Amino acid sequence: MILNASDLGWDESSGADPFSPLDQLDSSSTYEVPPLTVWGVALCVSGTLIATENAVVVTTILATPSLRAPVFLLLASLGLADLLAGVALILHFLFLFCVEPSDWSELLTSGLLVTSLTASLCSLMGVALDRYLSLSHALTYGSSESRHRAAILLLLVWLGACFIGAGPAMGWHCLGQPNTCSVARPLTRTYLSLLCGGFLVVVMVTLQLYAGICRVARRHAHAIATQRHFLPTNHSYASKHSSGRGFSRLIVILSVFVGCWMPFSLWGLLGDASSPPLYTYATLLPAAGSSLLNPILYSLRNKDIRKVLLQACCPHRCSQNPQIHYPVDV
């Protein structure tokens, strides 16, 4: 699930396996830190940006008592998962260019990445489920029972993510058996196939939830249309305009979601250790990049979170006790 120093500047014509630098080191020689590359700088910068923006989101939600609706708990979980993904990228950079690589460092970073990406994807599915329930059960949305269910769901998500991420450290790796490696060393092909198969299932369930959201939204729009002769003209136009913007945002969210997660999920099932590492990097990069886009597409688009951030940055522009509501961003 990680890239080694030689992956950042490999030569495919050499025939060398860039995912096995430890096998090529001479134990009698002194380890030399590889020179810093453009890919290494991009790795560190992206990890820092991901960790910073998600830390802001998580801190904002946890420090604001009024942000306790189920959607905010799910956004906090999503931010925490993406924060850990940023930390994993930073640790990977440090292990590549600052300290001598070892088996435990590979297992640590790969396990942390698996945990964070699994929790992030499941949290995205939870956000879709929350949006569906908030539309289909609008009267009970935001109740204490809903918050309790969301907390239980998140607990199960994180327990499952930690269990899955602990697989490499518990012995499900290929460090001693290179022939069993997958496209992402040190994960075995069996482990990665199961992981990517699970990712595809979560992606499909999430798409089904958004399809359900569209059906519920169409029913609501039809109900409004049947009463349009009771509404003033400007209200009818505002309703149509809001609905159009909602579906446009939905298309953007789904496009980013599928574009980030589908490539690596398919490549992990189809590729093997002999596959070109360039393809692994090209498909894993969007999955990690989703951690950079999630706060922009989900958390920072929420009016209540933006209001809290604006109040913290410019308190003179906000009232002392802003009223919190629970919008549903379709």
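Definitions and limits used
Residues numbered from 1 in each chain as written. Predicted model: local features only at pLDDT ≥ 70, side-chain atom pairs only at ≥ 80, totals over all residues. Heavy atoms only, no water. Helix = DSSP H or I, 4+ residues; strand = E, 2+ residues; numbered from the N terminus. Buried < 20%, exposed > 50% of the residue type's maximum accessible area, 1.4 Å probe, protein only. Contact = heavy atoms within 4.5 Å. Areas by Shrake-Rupley, 256 points an atom, 1.4 Å probe, with all protein chains shown as cover. pLDDT = per-residue confidence, 0-100. Axes fitted to C-alpha atoms, helices over the stretch in contact; angles between N-to-C directions. Parallel < 35°, antiparallel > 145°, perpendicular 65-115°, else oblique. Left-handed = near helix turned anticlockwise from the far one by under 90°. Nonpolar A, V, L, I, M, F, W, Y, C, P; charged D, E, K, R; others polar. UniProt positions renumbered as here; feature names shortened; annotations may be inferred. Core = buried A, V, L, I, M, F, W, Y, C linked by side-chain atoms within 4.5 Å. Phe/Tyr/Trp six-rings, centres within 6.5 Å; stacked < 30°, edge-to-face > 60°. Expected span 1.5 Å × (residues − 1). Disulfide = S-S within 2.5 Å.

Further remarks concern the overall build of the protein chain. If you tally the helices and strands in the protein chain, you get nine helices and zero strands. Put simply, the protein chain has 330 residues, and 45% of those count as buried. Considering only contacts in the protein chain between residues 6 or more positions apart, those separated by 24 or more positions represent 77%. Just so you have it, the protein chain exposes about 16600 Å², and 66% of that area is on carbon and sulfur atoms.

Across the protein chain, the average pLDDT comes to 79, with 78% of residues at or above 70. Confidence over residues 8-28 falls short of pLDDT 50; this stretch has 36 contacts with residues more than four positions distant or in other chains.

Our focus in this paragraph is the packing of helix α3 (residues 70-97) against helix α4 (residues 103-136). At a minimum axis distance of 8 Å, the contact between α3 and α4 shows a crossing angle of 160°. With respect to their mutual orientation, α3 and α4 come out roughly antiparallel. By crossing handedness, the relation of α3 to α4 is classed as left-handed. Tallied by class, residues from the contact of α3 with α4 come to 20 nonpolar, eight polar and two charged.

You can see Asn294 is positioned in helix α8 (residues 277-299). Residue classification places Asn294 among the buried residues on the basis of a relative accessible area of 4%.

Of note, Ile251 is situated in helix α7 (residues 233-270). C-alpha separation for the pair Ile251 and Tyr210, spaced 41 residues apart in sequence, amounts to 10.0 Å.

Under the UniProt annotation, the feature "transmembrane region" (unreviewed entry) is placed at residues 38-64, 71-95, 107-129, 150-171, 191-211, 247-266 and 278-300. As annotated, residues 38-64 has a helix share of 93% and a strand share of 0%, and its two end C-alpha atoms lie 39 Å apart.

This part covers the side chain of Thr118. One can find Thr118 in helix α4. With relative accessibility at 5%, the residue Thr118 sits in the buried group. Apart from residues lying up to four places away in sequence, Thr118 is in contact with Ala161, Ile164, Leu195 and Phe199.

The subject of this paragraph is the nonpolar core. Phe72, Leu75, Leu192, Trp261 and Tyr298 are the most contacted members of the largest nonpolar core, which has 48 residues in total. Where this core is concerned, the elements lending two or more residues are α2 (38-62), α3, α4, α6 (189-226), α7, α8 and α9 (303-313). Ranked by residues supplied to this core, first place goes to α6 with 13 residues. Among the nonpolar cores identified, the runner-up in size contains nine residues, and Ile50, Ala88, Leu89 and Phe93 belong to it.

All told, the structure shown has five aromatic pairs when counted by the stated rule. Ring plane angle 45° and centroid distance 5.3 Å describe the contact between Phe93 and Phe97, whose orientation is recorded as tilted. One end of the pair is Phe93 and the other is Phe97, both in helix α3 and four residues apart, which spans about a single turn. The class of Phe97 is buried, set by a relative accessible area of 9%. Ring centres 5.6 Å apart and planes at 90° place the aromatic pair Trp267 and Tyr279 in the edge-to-face group. Within this pair, whereas Trp267 is found in helix α7, its partner Tyr279 is found in helix α8, the two being separated by twelve residues in sequence. The class of Trp267 is buried, set by a relative accessible area of 17%.

Since the α-helix packs 3.6 residues into each turn, any two residues three or four apart lie on the same face. Along its 28 residues, α3 runs 41 Å from first to last C-alpha, staying within 8% of the 40 Å computed at 1.5 Å per residue. Counting buried residues along α3, 21 of its 28 residues qualify, which places the element largely inside the surrounding structure.

What follows concerns the state of the cysteines. This model, assessed by the stated rule, comprises one disulfide. Through a disulfide, Cys174 is tied to Cys181; the S-S separation comes to 2.0 Å. Residues Cys174 and Cys181 share a disulfide whose torsion about the S-S bond is about 95°; that sign makes it right-handed. According to the relative accessible area criterion, Cys174 is buried, its value standing at 1%. Given a relative accessible area of 8%, Cys181 falls into the buried group.

Taken N-terminus to C-terminus, the directions of α4 and α8 make an angle of 35°; their axes are 10 Å apart at the nearest point. In this structure, α4 crosses over α8, and the sense of that crossing is left-handed. On α8, the residues touching Leu117, Ser120, Leu124, Val127 and Arg131 of α4 are Ala287, Ser291, Asn294 and Tyr298. The class makeup of the residues in the contact of α4 with α8 is five nonpolar, three polar and one charged.

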